[in-house]
Amino acid sequence: MSSDLDVFVGNTTLIDEEVYRLWLDGHSVAEAVSLVSPVSPLSPVAEAVARRLRGGVLEREGTSVAVLQSDTRDHYRTFQMLERLLHAPPRLLQQLLFQIPPERQALLVQRYYAFDEALARELLGKKLSKGTKKELDEVSARTGVGIRSCRRQFDNFKRVFKAVEELRGPLAENIQQLFLLPPALARDYAAIVFFANSRFETGKRRLQFLSFGDFAACAQSMMAHWSQGALAPEAADPDGDLPKSFLQDLKELKVLVSDKDLLDQHKSLVCSALRGKISVYNELEANFKALSRALVNVGGKLTHARDVRDFFVDLVEKVIEPCRSDKWSPGDLRLFLTHYTAAPRNLPGFRHQALWERYMAAISACLLRMYHD
């Protein structure tokens, strides 16, 4: 009597997403194995693995704790071998050792480079140096992100920064090509690089209401309108650098507040356009000149490193807080900025309209994003 036996041999690398998440969160396999000792206290990873057990993994798979431990070790070994490839994702696509379907490769890369916004908010504007890395214990305590995960994410930020800091062209596109990240994640990394490059102050108390998303949106607007690539993509400097020639040219805009006739005409045009359209018209009329000086002078000071660093502090202190004090609504601010930006087209003798609109495009986008409680 004979019987047929079908045999299938494959070498596809299996990826358990739950175990990958535990590994990314910084839980070591040694800690995971400590779960077998019922008398030892639960470490963070042991607690995570315990959640797997409480989720019914043993019942679903019909297996034992020992097999679960062995499976976890195998996955961790695989992830540790994959990590050097994840540092340069194109190599993951080119290698032949691990047979991983393309959609799984994309998942591995995306989750490896995903980050906690609370951690990114803490590090925005800081130099990505050894000194900053030494502060991660405190950052971990403040954000609730595990220290191993903090270090991995910091190393990712630094790796991306080093890879693109000298490259020409749009930061987000360079990051997307080098690290195979989804567009939205690449744009967030571009914002982190932009802040690390310009060293904007983000830690002052009056800035604490602003989230990582707020700052990232501002960075994207500044790069879109102020970078050299915004004007000449084919001959662009790195988007992480604000062009010195543009910053120098912004001094020309001071004529809008230093020339009394221009200032009065600007006020007249804006107030005429907004009469009856905003709820804070009286406050606008009374404070127009102070508000205009604040908006123009923020740009006029950007040739000095310290003033670049205080850019967001100045926007909050000199524009957002006064408007908030006078009970401006976001709609009032939007209408004001629209007419305030457009009015100089009708000012005789003002010859910097293109520069003005380029400057105000980013300023307006930042203010509207930042104007919330």
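All values reported here derive from a predicted model rather than from experimental measurement.

A. Layout of helix α5 (residues 65-86). Under the 1.5 Å per step criterion, the end-to-end length of α5 is 30 Å for 22 residues, consistent within 8% with the ideal 32 Å. Looking only at α5, the buried set comprises L68, Q69, T72, H75, Y76, T78, F79, L82, L85 and L86.

B. Fine view of the pattern of salt bridges. All chains considered together, the criterion is met by 18 salt bridges. Across the pair K289 and D264 runs a salt bridge whose closest N-O atoms are separated by 2.9 Å. Taken together, the residues K289 in helix α18 (residues 281-300) and D264 in helix α17 (residues 260-274) connect sequence positions 25 residues apart. Judged by relative accessible area, K289 falls into the partly exposed class, the value being 28%. Here R345 and E357 are joined by a salt bridge, their closest N and O atoms 2.7 Å apart. One end of the pair, R345, is in the loop between α21 (330-342) and α22 (353-370); the other, E357, is in helix α22, and 12 residues separate them in sequence. According to the relative accessible area criterion, R345 is exposed, its value standing at 56%. Residue E357 is classed as partly exposed on the basis of its relative accessible area, which comes to 26%. Each of K301, D307, D314 and K318 takes part in one network of salt bridges that share partners.

C. Representation of the side chain of D314 within the structure. Inspection of the secondary structure puts D314 in helix α20 (residues 311-325). Looking at D314, the relative accessible area reads 7%, which means it is buried. A polar side-chain atom of D314 sits 3.3 Å from a polar atom in the side chain of K301. Leaving out residues up to four positions away in the same chain, D314 has contacts with V298, K301 and V319.

D. Focus on unusual backbone geometry. Of note in the backbone geometry, R199 takes a positive phi value of approximately 55° without being a glycine. Residue position: R199 is located in the loop between α13 (183-198) and α14 (212-226). The phi torsion at K327 lies on the positive side, around 65°, for a residue other than glycine. Topologically, K327 is positioned in the loop between α20 and α21. K327 sits in the exposed class, given a relative accessible area of 64%.

Procedures and definitions
- Residues numbered from 1 in each chain as written.
- Predicted model: local features only at pLDDT ≥ 70, side-chain atom pairs only at ≥ 80, totals over all residues.
- Heavy atoms only, no water.
- Helix = DSSP H or I, 4+ residues; strand = E, 2+ residues; numbered from the N terminus.
- Expected span 1.5 Å × (residues − 1).
- Buried < 20%, exposed > 50% of the residue type's maximum accessible area, 1.4 Å probe, protein only.
- Salt bridge = Lys/Arg side-chain N within 4 Å of Asp/Glu carboxyl O.
- Polar contact = N/O pair within 3.5 Å; in protein donor to acceptor, adjacent residues only side chain to side chain.
- Contact = heavy atoms within 4.5 Å.

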